[in-house]
Amino acid sequence: MENQLPSLDELKANSFVVRLPLRVKFRAVVEREALLLQGPAGWGEFSPFLEYEPAEASRWLAAAIESAYQPYPETTVQRIPVNATLPAVSTEQVGRVLEQYDAPHTIKIKVAERGQILQDDIARVAETRRLYPQAALRVDANAGWTAQQAVAALARLSEYDLEYAEQPVPGIDDLARLREDLAARHIDLKIAADESVRKHTDPLEVSRKGAADLMVIKAQPLGGIRQALQIVAEAGLDAVVSSALDTSVGLGQGAALAASLPELKYACGLSTGTLYKDDVTEQPLLAEAGYLQVRRPGVSRQKLRHYSVEPEGRQRWMQRLESCYAILAGQDLAQRPLA
Ligand SMILES: O=C(O)CCC(=O)c1ccccc1C(=O)O
Ligand SMILES: [Mg+2]
């Protein structure tokens, strides 16, 4: 029974599509659309970004179904360390955005944003370091640099004492080469793979090719908690759990994933709830002094109604649900990430 997909009609009948306001632009948007799925085990979140095609988005659906239909793994961990996330804002905005987080001990700074230059990144990292001299800082380039740009940029940025750099360049081979280039220049900086894990058909290629020191894992893009745990076990790399800019429902799933890891060496990218103006729950999962509770937030009917999208928006999501469902239904049971 565990491997059985619920029917599409059942999923549709229990789906609520919302559009939530963000406080600050993230990935060039100021609103986030999400489908919340209610099931016998609780709520699940299906919120692939709008431009994602069904092949990729279907893994996000597998994660939502897992969340709504299977209990989260048992754990005794009650809270997990998290990082504040700083979007690629201007220097003047750095203090204002980070103030929204409660006493962060770790901060992830977005760099290599399209339309910006290295000087913008240096200024943002320098300002963060000035305001938070004790914090652990990490940068995330979202594959925005060429190999050449990455070495030059990381040579400069590593002067601010960075914990690691996340996905500086796009390809897995590029990541592996970059690590060699950095070592040759005696730049002691760890590299984390994100897109090379979650957007790749083979999430283990990163570890096989020695392309990173650690891997970023996210419950939705990897097809759920169980699937993500299996990837970590097989990869044998340290893992950083992160969010996909989820609502509190997805953050709860991420927190459960983090709490289930055999070892949690790094703060998780799960305090993105702070970037939202509002959420689907009366008890949003927000970090306190750099820690997030491990719990499943209840969902508010009133908030679902208030932020519900217009009928055309819902129709678009029902079509996405349908095409992703078809992919999951067509997958070999043994391979399906629900197992
Ligand atoms: O890891 C974090 O601190 C927050 C999450 C985050 O950065 C993110 C959120 C949505 C989509 C992509 C990413 C990313 O890590 O690249
Ligand atoms: Mg990333």
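Residues numbered from 1 in each chain as written. Chains lettered and ligands numbered in written order. Predicted model: local features only at pLDDT ≥ 70, side-chain atom pairs only at ≥ 80, totals over all residues. Heavy atoms only, no water.

- The name recorded for the protein chain in an unreviewed UniProt entry is o-succinylbenzoate synthase, from Glutamicibacter creatinolyticus.
- Recorded in UniProt for the protein chain, the comment headed Catalytic activity (unreviewed entry) runs: "(1R,6R)-6-hydroxy-2-succinyl-cyclohexa-2,4-diene-1-carboxylate = 2-succinylbenzoate + H2O".
- As recorded by UniProt, the Cofactor (unreviewed entry) comment attached to the protein chain reads in full: "a divalent metal cation". (UniProt positions renumbered as here; feature names shortened; annotations may be inferred.)

1. A closer look at the site of ligand 1
So, point 1. Taken together, 19 residues lie around ligand 1, and Thr 85, Lys 108, Asn 142, Lys 218 and Ser 242 are the ones closest in.
So, point 2. A distance of 3.2 Å separates an oxygen atom of ligand 1 from a polar atom in the side chain of Glu 166.
So, point 3. One of the side-chain N or O atoms of Asp 194 is found 3.0 Å from an oxygen atom in ligand 1.
So, point 4. Here ligand 1 has 370 Å² of accessible area as a free molecule, and 98% of this is covered by the chains.
So, point 5. Placement of ligand 1 is best described as lying within the largest pocket.
So, point 6. Considering only residue class, the shell around ligand 1 consists of four nonpolar, seven polar and eight charged.
So, point 7. A domain split of the shell around ligand 1 shows at least three residues from each of domain 1 (8–73 + 301–331) and domain 2 (79–293). (Near = heavy atom within 4 Å. Polar contact = N/O pair within 3.5 Å; in protein donor to acceptor, adjacent residues only side chain to side chain. Areas by Shrake-Rupley, 256 points an atom, 1.4 Å probe, with all protein chains shown as cover. 1 Å grid on protein atoms, 1.4 Å probe; cavity = no way out; pocket = protein on both sides within 12 Å on 5 of 7 lines; lining within 4 Å. Sits in = over half its atoms within 2 Å of the grid points. Nonpolar A, V, L, I, M, F, W, Y, C, P; charged D, E, K, R; others polar. Domains from an automatic or database assignment.)

2. Re the pattern of salt bridges
So, point 1. Applying the stated criterion across every chain, the model contains 22 salt bridges.
So, point 2. Residues Arg 19 and Glu 33 are paired through a salt bridge, measuring 3.0 Å at the closest nitrogen-oxygen approach. With Arg 19 in strand E1 (residues 15–26) and Glu 33 in strand E2 (residues 29–39), this residue pair connects regions lying 14 residues apart in the sequence.
So, point 3. One network of salt bridges, with partners in common, ties together Lys 108, Lys 110, Asp 140 and Glu 166. (Salt bridge = Lys/Arg side-chain N within 4 Å of Asp/Glu carboxyl O. Helix = DSSP H or I, 4+ residues; strand = E, 2+ residues; numbered from the N terminus.)

3. Quick word on the pairing of strand E6 (residues 106–110)
So, point 1. Counting buried residues along E6, five of its five residues qualify, which places the element largely inside the surrounding structure.
So, point 2. The two faces of E6 match: Thr 106, Lys 108 and Lys 110 on one face and Ile 107 and Ile 109 on the other face are all buried.
So, point 3. What joins strand E5 (residues 84–86) to E6 is helix H3 (residues 91–99), and the crossover it makes is right-handed.
So, point 4. The pairing of E6 with strand E7 (residues 136–140) spans five bridges and is classified as parallel. Within E7, the position partnered with Ile 109 by the bridge is Val 139.
So, point 5. Taking the sense of rotation as the criterion, the β-α-β connection linking E6, helix H4 (residues 118–131) and E7 turns out right-handed. (Buried < 20%, exposed > 50% of the residue type's maximum accessible area, 1.4 Å probe, protein only. Right-handed = clockwise from strand over helix to strand, strands pointing away. Pairing = 2+ DSSP bridges.)

4. So, the environment of Val 240
So, point 1. Of note, Val 240 is situated in strand E11 (residues 238–241).
So, point 2. Take Val 240: its relative accessible area is 2%, and that puts it in the buried class.
So, point 3. With residues near it in sequence (within four places) discarded, Val 240 still touches Arg 138, Tyr 164, Leu 214, Met 215, Val 216, Ile 217, Tyr 266 and Ala 267. (Contact = heavy atoms within 4.5 Å.)

5. Quick notes on the UniProt feature "binding site: Mg(2+)" (unreviewed entry) in the protein chain
So, point 1. UniProt feature "binding site: Mg(2+)" (unreviewed entry): in the numbering of this structure it lies at Asp 140, Glu 166 and Asp 194. A stretch of 55 residues holds the annotated residues, and the largest C-alpha distance among them is 9.1 Å, short enough that they meet in one place. Restricting the annotated residues to those that line the largest pocket leaves Asp 140, Glu 166 and Asp 194.
So, point 2. Along the chain, the position of Asp 140 falls in strand E7.
So, point 3. Along the polypeptide, Asp 194 turns up in the loop between strand E9 (190–193) and helix H7 (195–198).
So, point 4. Overall, Asp 194 belongs to the buried group, its relative accessible area being 0%.
So, point 5. Once residues within four sequence positions are removed from consideration, Asp 194 is found in contact with Asp 140, Glu 166, Gln 167, Val 216 and Lys 218.

6. Some thoughts on the sheet that holds E9
So, point 1. Taken in spatial order, the seven strands line up as E5-E6-E7-E8-E9-E10-E11 in an open sheet, and their pairing is parallel. A single partner strand is all that each edge strand has here, and the edge strands are E5 and E11. Going across the sheet, the axis of each strand differs from the next one's by a mean of 25°, ignoring polarity.
So, point 2. Sheet topology places E7 next to strand E8 (residues 162–166); three bridges connect them, and they run parallel. If you follow Leu 137 over to E8, its bridge partner there is Leu 162.
So, point 3. Across the sheet, H4 touches E5, E6, E7 and E8, and the angle it forms with E6 is around 165°. (Axes fitted to C-alpha atoms, helices over the stretch in contact; angles between N-to-C directions.)

7. Description of the layout of surface pockets
So, point 1. Considered as a void within the structure, the largest pocket measures approximately 780 Å³ in volume.
So, point 2. Phe 26, Arg 27, Lys 110, Glu 113 and Asn 142 are, among the 36 residues lining the largest pocket, the residues nearest its centre.
So, point 3. Those elements that provide at least two residues to the lining of the largest pocket are E1, E6 and H7.
So, point 4. The element that contributes the greatest number of residues to the lining of the largest pocket is E1, accounting for three residues. (Points joined across faces, edges and corners; volume = space filled by probe spheres on them.)

8. With respect to the environment of Glu 56
So, point 1. Tracing the chain through its elements places Glu 56 in helix H2 (residues 54–69).
So, point 2. Sequence-wise, Glu 56 and Val 30 are 26 residues apart; in three dimensions their C-alpha atoms are separated by 23 Å.
So, point 3. A polar contact of 2.9 Å, which involves the side chain of Glu 56, links it to the side chain of Lys 199.

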